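Per-entry structural report
What follows is each chain in one-letter form.
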Amino acid sequence: MSINKLLIAMALGLALAACSKQEQAQDAAASANEAATDAQAAADQASAAGAATADSAQAAADTAATAANTAADASQAAAAAPTDAAADKAADTAKAADDTADKAKDAAEEAKK
């Protein structure tokens, strides 16, 4: 009986770890999407103001949008990952894409100045 309980506990532990990675990936995707939205707003403001750097701001916004799409895809991959290692890799990809989106947002906001 105690072996069965041990196996159940191990299975629950693995399931919780997988959920945690999926949640991390989803959080990163949401953050990347927010950064892309902010970057596009900065690009729109630069364009409306006639800033000479409007093209640079739009390019940064496009980069942020691409990174947000990558993060969303990685989030889905983490949810469907057949192994813990695959879920971990997908979560890392989502986080990296989130970081890229944040940097692109910063670049778009800087370009609108």
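An account of the accompanying structure is given in this report. What you see is a predicted model, and the numbers here were worked out from it, not measured in a lab.

Moving on: the side chain of Asp98. Among the secondary structure elements, Asp98 is positioned in helix H3 (residues 84-111). Judged by relative accessible area, which is 5%, Asp98 ranks as buried. The contact partners of Asp98, leaving out residues within four places of it in the chain, are Ala28, Ser31 and Ala32.

Take H3 next. When the terminal C-alpha atoms of H3 are compared, their 40 Å separation across 28 residues agrees well with the 40 Å that a helix rising 1.5 Å per residue should span. Of all the residues in H3, the buried ones are Ala87, Ala90, Ala91, Ala94, Ala97, Asp98, Ala101, Ala104, Lys105, Ala108 and Ala111.

Our next topic: the pattern of salt bridges. Applying the stated rule across the entire model yields three salt bridges. Ionic pairing is found between Asp106 and Lys105, a salt bridge with its closest N-O pair at 3.9 Å. Relative accessible area serves as the criterion here: at 43%, Asp106 is assigned to the partly exposed category. One salt-bridge network, held together by shared partners, links Lys95, Asp98 and Asp99.

Reading the values: the criteria
Residues numbered from 1 in each chain as written. Predicted model: local features only at pLDDT ≥ 70, side-chain atom pairs only at ≥ 80, totals over all residues. Heavy atoms only, no water. Helix = DSSP H or I, 4+ residues; strand = E, 2+ residues; numbered from the N terminus. Buried < 20%, exposed > 50% of the residue type's maximum accessible area, 1.4 Å probe, protein only. Contact = heavy atoms within 4.5 Å. Expected span 1.5 Å × (residues − 1). Salt bridge = Lys/Arg side-chain N within 4 Å of Asp/Glu carboxyl O.

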